[in-house]
Amino acid sequence: DASLQKILYELRDFRWDNKEQITDIKLELSNVNKRLDKAEGRTEEVETRVLRTETVIKKLLQRQVTLETKLTDQEGRLRRENIRIYGIPEESEGCCMVTFLENLRRGELDLPKDMELGIERAHRGVAKFLSYKMKEEVLGKAWQMKQTILCYHDNTPTVLKKRMEYSEVKKVLKSQKIKFQTFPARLQVFYEDSTCLYHSAAEATKDMVEGGLKVQVIPPAPTLEEEIERLFTWQKAGRRGGLRKDQSSKQQYKEKLQSFRRRPPSKD
């Protein structure tokens, strides 16, 4: 039959066209997979470099913290024999600051004239004693007497910053007539039933609120280690698992093509 023969030819052509199209699709998918594998390889290299860089940066920052701690400690030790002086009138020291301070201390503190203060050197506002014991004696005497010129420990900037954080806490304690003292960056509070030593303003405010005092709670500042962990959150993803092997790729192609195959008519 001519019509049946024509249908068979058309089916053969259609099948041949489909076969060519499927071949082209397979080739295109193969090229895409090659490009993806190449891109994944580069991405994996970048991920490895990023993780290695993070590790190096963490170690460097940890070393920086250690060095800063040691530097602050050394700076504090160098300032132990120093007294910082406030309230000296302008141009009153004359040509020798050391002599001026010795005469000033004797007059202000009523120290014996034959007592050797042992001031090694001095510039405006800071005097360095040869003896830590003498420095503490002079400083203690200065705190006991009312005077226009004030004397304090020569604290490091790090210690001064921590002491400033206690400002709000000290206001509340003064309003409640609770005794306290700071040394050098810690706060000791003398409550009626106990004595507490706080190492930070956050610790002090939290404990004071729990004790019933009205004070604004200061959140603890994140440490450098916490900032590092928060900053470096990169996780290596790795390559695709299913398309790396040719056998797996072919199997996936077959499964996808099965959905396009015509099903035989059901026999009812």
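Conventions we followed
Every residue gets a number counted from 1 within its own chain, in the order that chain's sequence is written. This being a predicted model, a pLDDT of at least 70 is required before a residue's local features are given, and a value of 80 or more before pairs of side-chain atoms are given or counted; all residues contribute to the totals for chains, interfaces and linings. As a rule here, side-chain values cover all heavy atoms of the structure and leave hydrogens and water aside. Secondary structure elements are defined from DSSP: runs of H or I of at least 4 residues count as helices, runs of E of at least 2 residues count as strands, and each element is numbered from the N terminus. For each residue, the accessible area found with a 1.4 Å probe, counting protein chains only, is set against the maximum for its type, and the residue is called buried under 20%, exposed over 50%, and partly exposed in between. Should any heavy atoms of two residues lie within 4.5 Å, those residues are counted as being in contact. Note on areas: Shrake-Rupley, 1.4 Å probe, and residue coverage restricted to the protein chains presented here. UniProt positions are given in the numbering used here, feature names are shortened, and annotations may be inferred rather than shown by experiment. Salt bridges are defined by distance alone: a side-chain nitrogen of Lys or Arg within 4 Å of a carboxyl oxygen of Asp or Glu. Cavities and pockets were defined on a 1 Å grid built from protein atoms only: a cavity is a group of points that admits a 1.4 Å probe but offers it no way out, a pocket is an open group of points flanked by protein on both sides within 12 Å along at least five of seven lines, and a lining residue is one with an atom within 4 Å of any such point. Grid points are joined across faces, edges and corners, and a volume is the space filled by probe spheres set on the points. Three classes are used: nonpolar for Ala, Val, Leu, Ile, Met, Phe, Trp, Tyr, Cys and Pro, charged for Asp, Glu, Lys and Arg, and polar for all others, with Gly counted as polar. Paired strands, in this sense, are two strands between which DSSP finds at least two bridges. In this analysis an axis means a line fitted to C-alpha atoms, helices contributing only their contacting stretch, and an angle means the value between N-to-C directions, from 0 to 180 degrees. Each aromatic pair joins two rings of Phe, Tyr and Trp (for Trp, the six-membered one) with centres within 6.5 Å, and gets the label stacked for planes under 30 degrees apart, edge-to-face for over 60, and tilted for any other angle.

1. Considerations on the overall build of the protein
Looking only at helices and strands, one finds eight helices and seven strands in the protein. Put simply, the protein has 268 residues, and 24% of those count as buried. Within the protein, residue pairs in contact and separated by at least 24 positions form 53% of the contacts whose partners lie at least 6 positions apart. Carbon and sulfur atoms provide 53% of the accessible area of the protein, an area that totals close to 20900 Å².

2. Notes on the UniProt feature "coiled-coil region" (unreviewed entry) in the protein
In this structure's numbering, the residues bearing the UniProt feature "coiled-coil region" (unreviewed entry) are residues 22-49. Overall, residues 22-49 shows 100% helix and 0% strand. The separation of its end C-alpha atoms is 40 Å.

3. Considering unusual backbone geometry
Note on backbone geometry: most residues besides glycine have negative phi, and most peptide bonds are trans. The backbone of Lys177 shows a phi angle near 55°, a positive value even though the residue is not glycine. Turning to its location among the elements, Lys177 is positioned in the loop between α5 (167-175) and β5 (179-182).

4. Quick notes on the pattern of salt bridges
Within this structure, the stated rule accounts for seven salt bridges. Of the charged contacts, one joins Lys128 and Glu81 as a salt bridge, the two residues approaching to 3.4 Å between their closest N and O atoms. Of this pair, Lys128 sits in strand β3 (residues 126-129) while Glu81 is found in the loop between α1 (2-78) and β1 (82-86), placing the two residues 47 residues apart along the sequence. The pair formed by Lys128 and Glu81 is uniform in burial state, with each residue classed as buried. Close ionic contact of Arg84 with Asp154 constitutes a salt bridge, the shortest N to O distance being 3.0 Å. Highlighted residues: Arg84 in strand β1 and Asp154 in the loop between β4 (150-153) and α4 (157-164), separated in sequence by 70 residues. Judged by relative accessible area, which is 6%, Asp154 ranks as buried. Three or more residues are tied together by salt bridges with common partners; here these are Glu75, Arg79, Arg84 and Asp154.

5. Quick notes on the layout of surface pockets
Considered as a void within the structure, the second largest pocket measures approximately 760 Å³ in volume. Forming the walls of the second largest pocket are 27 residues, and the residues nearest its centre are Thr72, Gly76, Thr156, Val159 and Pro184. Put simply, the parts of the chain that give the lining of the second largest pocket at least two residues each are α1, α3 (132-144) and α4. Among the elements that make up the lining of the second largest pocket, the one with the highest residue count is α1 (eight residues). Along the lines of polarity and charge, the residues of the lining of the second largest pocket split into seven nonpolar, nine polar and eleven charged.

6. Details of the sheet that holds β4
The sheet built from four strands is open, its strands ordered β2-β3-β1-β4 with antiparallel pairing. Each edge of the open sheet carries a strand with a single partner, namely β2 (119-123) and β4. Along the sheet, successive strands turn relative to each other by an average axial angle of 25°, direction set aside. As judged from the four bridges shared by β2 and β3, these two strands associate in the antiparallel manner. Bridge assignment links Ala122 to a residue of β3, and that residue is Ala127. On the sheet, α3 packs against β1, β3 and β4 and is oriented at approximately 135° with respect to β4.

7. Re the environment of Met115
Along the chain, Met115 falls in the loop between α2 (97-109) and β2. Accessibility expressed as a relative area gives 17% for Met115, which makes it buried.

8. Digging into the packing of aromatic side chains
Under the counting rule described, the total for this entry stands at one aromatic pair. A centroid spacing of 5.8 Å and a plane angle of 65° characterise the contact between Tyr86 and Tyr152, whose relative ring orientation is edge-to-face. Of this pair, Tyr86 sits in strand β1 while Tyr152 sits in strand β4, and the two are 66 residues apart along the sequence.

9. Examining the sheet that holds strand β6 (residues 187-190)
What the three strands build is an open sheet, ordered β5-β6-β7; its pairing is antiparallel. The open sheet has two edge strands, β5 and β7 (195-198), and neither has a second partner. Across this sheet, the average inter-strand angle for adjacent strands is 15°, counted without regard to direction. In this sheet, β7 lies alongside β6 in antiparallel orientation, the contact comprising four bridges. Residue pairing in the sheet places Val189 in a bridge with Cys196 of β7. Contacts between helix α6 (residues 201-210) and the sheet are confined to β6 and β7, with β7 contributing the most and set at about 145° to the helix.

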